[in-house]
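Observations on chain architecture
Residue strings, one per chain:
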Amino acid sequence: MGNKVNTPSKLKIRTGDLVKVIAGDSKGQQGKVLSVQKDKNRAIVEGINLVAKHTKPNAANPNGGIIKKEAALHISNLMLVDPKSGKATRVGRKLNADGKLVRVAKISGEEIK
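Residues numbered from 1 in each chain as written. Predicted model: local features only at pLDDT ≥ 70, side-chain atom pairs only at ≥ 80, totals over all residues. Heavy atoms only, no water.

Here's the deal with the overall build of the protein chain
When helices and strands are tallied, the protein chain shows 0 helices and 10 strands. Walking the protein chain from its N terminus toward its C terminus, one meets helices and strands in the order β-β-β-β-β-β-β-β-β-β. A compact globule built from 113 residues should have a C-alpha radius of gyration of about 13 Å, whereas the protein chain, at 18 Å, is more than 25% larger. Dimensions along the principal axes, computed over C-alpha positions, put the protein chain at roughly 55 × 50 × 30 Å. Pairs at least 24 residues apart make up 36% of the contacts formed inside the protein chain by residues separated by at least 6 positions. Carbon and sulfur atoms provide 50% of the accessible area of the protein chain, an area that totals close to 8100 Å². (Helix = DSSP H or I, 4+ residues; strand = E, 2+ residues; numbered from the N terminus. Rg over C-alpha atoms; globule rule 2.2 N^0.38 Å. Contact = heavy atoms within 4.5 Å. Areas by Shrake-Rupley, 256 points an atom, 1.4 Å probe, with all protein chains shown as cover.)

Given below as structure tokens:
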């Protein structure tokens, strides 16, 4: 018997989405998703979960020093913000008029772009 490969499931959050943090130190904050790491089920959100990174002097930063940088958050701690009401909402999937599967906000039924 071979090893079962842990394939990541379909994520409900994508790059560019407006999300709200629902758990952890940054709870209640909102931000735009900069990148999603599907293999780790994590996302990097703009201005949230900032960590101090100590950098050596280099060409881009001649003095080096401590830089504030966004760290990845687990997807389960994020919730999409409803485009209509501005509240955190769950995400569903529906066929639109063109027969294409799109994401919809569960609160308002609004399509998520």
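Some details on the domain arrangement of the protein chain
Taken domain by domain, the protein chain holds domain 1 (9-81) and domain 2 (82-112). The C-alpha-based centres of domain 1 and domain 2 are spaced at 24 Å. Tallying the contact residues gives 10 residues for domain 1 and 11 residues for domain 2. Scanning the region where domain 1 abuts domain 2 turns up 1 salt bridge. The interface formed by domain 1 and domain 2 includes 3 residue pairs in polar contact (both at pLDDT 80 or more). (Domains from an automatic or database assignment. Salt bridge = Lys/Arg side-chain N within 4 Å of Asp/Glu carboxyl O. Polar contact = N/O pair within 3.5 Å; in protein donor to acceptor, adjacent residues only side chain to side chain.)

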